[in-house]
Amino acid sequence: MPVAPAPDLLPIAADGQTPVRVLTIAGSDSGGGAGIQADMRSFALMGVHACVAVTAVTVQNSLGVSGYQEITPQIVSDQIRAVVGDIGIGAAKTGMLASSAIIEAVVTTCTESGIGGAGPIPLVVDPVCASMHGDPLLAEDALDDLRTRLFPLATVVTPNLDEVRLITGIDVVDAQSQRAAARALHALGARWALVKGGHLRSRDHSPDLLFDGAEYLEVDHERIDTPHDHGAGDTLAAGLTAALAHGYSVPDAFRFAKAWVTRSLTAAYPLGGGHGPVNPLWRLTGTLAEVDR
Ligand SMILES: Nc1ncnc2c1ncn2[C@@H]1O[C@H](COP(=O)(O)OP(=O)(O)OP(=O)(O)O)[C@@H](O)[C@H]1O
Ligand SMILES: Cc1ncc(COP(=O)(O)O)c(N)n1
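Every residue gets a number counted from 1 within its own chain, in the order that chain's sequence is written. Note on labels: chains are lettered from A, ligands numbered from 1, in written order. Two thresholds apply to this predicted model, a pLDDT of at least 70 for residue-level local features and 80 or more for giving and counting side-chain atom pairs, whereas whole-chain, interface and lining totals are computed over all residues. Note: side-chain values were computed over all heavy atoms of the structure, leaving out hydrogens and water.

Taking an unreviewed UniProt entry as the reference, the protein is identified by name as Bifunctional hydroxymethylpyrimidine kinase/phosphomethylpyrimidine kinase belonging to Gordonia defluvii. UniProt positions are given in the numbering used here, feature names are shortened, and annotations may be inferred rather than shown by experiment. One UniProt comment on the protein, placed under Pathway (unreviewed entry), says "Cofactor biosynthesis; thiamine diphosphate biosynthesis; 4-amino-2-methyl-5-diphosphomethylpyrimidine from 5-amino-1-(5-phospho-D-ribosyl)imidazole: step 3/3." Comment text from UniProt for the protein, heading Function (unreviewed entry), reads "Catalyzes the phosphorylation of hydroxymethylpyrimidine phosphate (HMP-P) to HMP-PP, and of HMP to HMP-P."

So this is what it looks like as structure tokens:
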């Protein structure tokens, strides 16, 4: 697959005034490291205006998630309609969706709004099932709706290896099983499947694999030695979403997003007594060229 070099930085505003807009449909993290808060930090630093449809409010810190309150499906749909109709968006992403009822509301509203599927607005689906601490963020009985209702709408799905196991039953341990997982995810209806390698804990690398049903594209990076990787998945998906909103192809958006999250991992910081967040604030003084990609 021929791939143009990923942009070092995304252009700030197409017309010099109003930036490209995106929509994140996700949960709030009170600790400020993942979910909507991770998305907003990255989007702001990528020069993208982010609209938000909140799905749930989690009670969370660096040690874990102790509870959450779902937003009603009607209010989730209303948030999406309100911003798509007035502000207009170039791409959207989903994160924590919590329940079958919220998945159904998101699928219905995205479909009628031209988001994902045959619509003109690309949709990145990060199928969040649990936090990095293992605390559930999706009802068990909603897994099938994620697979059968949301995946067919996805331009790209971005599961980590735990989510791959839940969704496909495949245990990814090496390059061969990572390819098998990508094929299984693509067969569920996503146009592109991105199997993230961050949980291949035994490896000294973190290879991510993208598949469009025909060809594989792997973008790898040496593992960064840090326990502070909270929000890494959201940050990768935010990078994809921003680049897609700018009109980049999925492979180019992937290369940009991988460089963005890698650079944000190198700048991650300790916070509280557990896992600190990845840190896109490097963008204020640094460049993507500072990571070897
Ligand atoms: N230690 C690391 N060094 C380099 N890259 C990493 C590391 N950990 C994760 N990544 C990269 O970060 C991105 C997110 O991957 P990961 O598989 O950890 O997803 P995730 O579990 O959804 O993230 P998180 O739970 O941390 O939010 C991927 O591009 C992955 O390769
Ligand atoms: C609201 C919300 N969304 C997503 C995650 C996943 O992020 P992580 O895997 O880093 O815990 C999270 N913990 N909280």
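Now that the structure has been shown, the text picks up again.
Draft legend 1. Expanded view of the overall build of the protein. Scanning the protein for helices and strands turns up eight helices and nine strands. Radius of gyration: over C-alpha atoms. The globule rule applied is 2.2 Å multiplied by the number of residues raised to the 0.38 power. What you see for the protein is a C-alpha radius of gyration of 17 Å, in line with the 19 Å of a compact globule of 293 residues. Evaluated residue by residue, the protein yields a buried proportion of 54% over its 293 residues. Of the contacts formed within the protein by residues at least 6 apart in sequence, a portion of 71% connects residues at least 24 apart. Where accessible areas are quoted, they stem from the Shrake-Rupley method and a 1.4 Å probe; at the residue level, only the protein chains shown are allowed to cover. Accessible area of the protein: about 11600 Å², with a carbon and sulfur share of 54%. Helix and strand assignments follow DSSP, with helices taken as H or I runs no shorter than four residues and strands as E runs no shorter than two, numbered in order from the N terminus. Each residue's exposure class comes from its accessible area (1.4 Å probe, protein chains only) as a fraction of the maximum for that residue type: buried when under 20%, exposed when over 50%, partly exposed otherwise. Any two residues whose heavy atoms approach within 4.5 Å at even a single point are treated as in contact.

Draft legend 2. Quick look at helix α1 (residues 35-45). Those residues of α1 that sit buried are G35, I36, A38, D39, S42, F43 and L45. In this fold, the buried residues of α1 make contact with β1 (21-29), β2 (49-61), β4 (91-94), α7 (232-245) and α8 (250-266). Of the residues trailing α1, G47 is marked for its positive phi of about 75°.

Draft legend 3. Main features of the site of ligand 2. Put simply, a residue is near a molecule or strand once any heavy atom of it comes within 4 Å of that molecule or strand. Taken together, 13 residues lie around ligand 2, and G27, Q60, M132, H230 and G231 are the ones closest in. The term polar contact refers here to a pair of N or O atoms within 3.5 Å; inside protein, the definition further demands a hydrogen-donor-capable atom paired with an acceptor-capable atom, and it admits residues adjacent in sequence only when both atoms are side-chain atoms. Side-chain polar atom of Q60 to a nitrogen atom of ligand 2: 2.7 Å apart, as the coordinates give it. For ligand 2, an oxygen atom lies 2.8 Å from a polar atom in the backbone of M132. Within the complex, the protein chains bury 92% of what would otherwise be the 360 Å² of accessible surface of ligand 2. Mapped by element, the contributors of at least two residues to the shell around ligand 2 are β1 and β2.

Draft legend 4. Highlighting the site of ligand 1. Around ligand 1 there are 18 residues in total, and H199, S206, D208, I224 and D229 lie nearest to it. At 2.5 Å, a side-chain N or O of D208 approaches an oxygen atom of ligand 1. Burial of ligand 1 by the surrounding chains reaches 95%, relative to a free accessible area of 620 Å². Those elements that provide at least two residues to the shell around ligand 1 are α7 and α8. In this classification, the charged set is Asp, Glu, Lys and Arg, the nonpolar set is Ala, Val, Leu, Ile, Met, Phe, Trp, Tyr, Cys and Pro, and all remaining amino acids, among them Gly, are polar. Grouping the constituent residues of the shell around ligand 1 by class yields six nonpolar, six polar and six charged.

Draft legend 5. Just the sheet that holds β2, in detail. Paired strands, in this sense, are two strands between which DSSP finds at least two bridges. Taken in spatial order, the nine strands of this open sheet run β3-β2-β1-β4-β5-β6-β7-β8-β9, and their pairing is mixed. Two strands bound the open sheet, and with one partner strand each, they are β3 (64-70) and β9 (216-219). One ladder, built from three bridges, connects β4 with strand β5 (residues 123-125); its direction is parallel. Within the sheet, the bridge partner assigned to A92 lies in β5 and is L123.

Draft legend 6. Representation of the nonpolar core. Residues belong to a common nonpolar core when they are buried Ala, Val, Leu, Ile, Met, Phe, Trp, Tyr or Cys residues joined through side-chain atoms within 4.5 Å. Of all hydrophobic cores here, the largest spans 49 residues; its most connected members are L23, I25, I80, V106, I115 and L146. No other element matches the five residues that helix α3 (residues 100-113) contributes to this core. Ignoring anything within four residues of it in the chain, the contact list for V106 reads I25, V76, I80, T94, L97 and L150. The next biggest cluster of nonpolar side chains, apart from the first, holds 37 residues, and it includes M46, A91, W192 and A232.

Draft legend 7. Local environment of the environment of T226. Turning to its location among the elements, T226 is positioned in the loop between β9 and α7. T226 sits 23 residues away from R203 along the chain, and the two C-alpha atoms are 14 Å apart. In this structure, T226 is in contact with L265 and A268, ignoring residues within four places of it in sequence. A distance of 2.9 Å separates a polar side-chain atom of T226 from the backbone nitrogen of H228.

Draft legend 8. A look at the side chain of S113. Mapping S113 onto the fold places it in helix α3. On the basis of relative accessibility, which here comes to 18%, the residue S113 falls in the buried class. In this structure S113 touches I80, V84 and I121, once residues within four positions along its chain are discounted.

Draft legend 9. Expanded view of the packing of aromatic side chains. Here is the rule: rings of Phe, Tyr and Trp (six-membered ring for Trp) pair when centre to centre is within 6.5 Å. Planes less than 30 degrees apart are stacked, more than 60 are edge-to-face, and the remainder are tilted. This structure, assessed with the given rule, holds three aromatic pairs. Seen in terms of ring centroids, F211 and Y216 are 4.4 Å apart; in terms of plane orientation they differ by 15°. Their pairing is stacked. Overall, the relative accessible area of 5% leaves F211 in the buried class. Ring pairs connect the aromatic residues F256, W260 and W282, which therefore count as one cluster.

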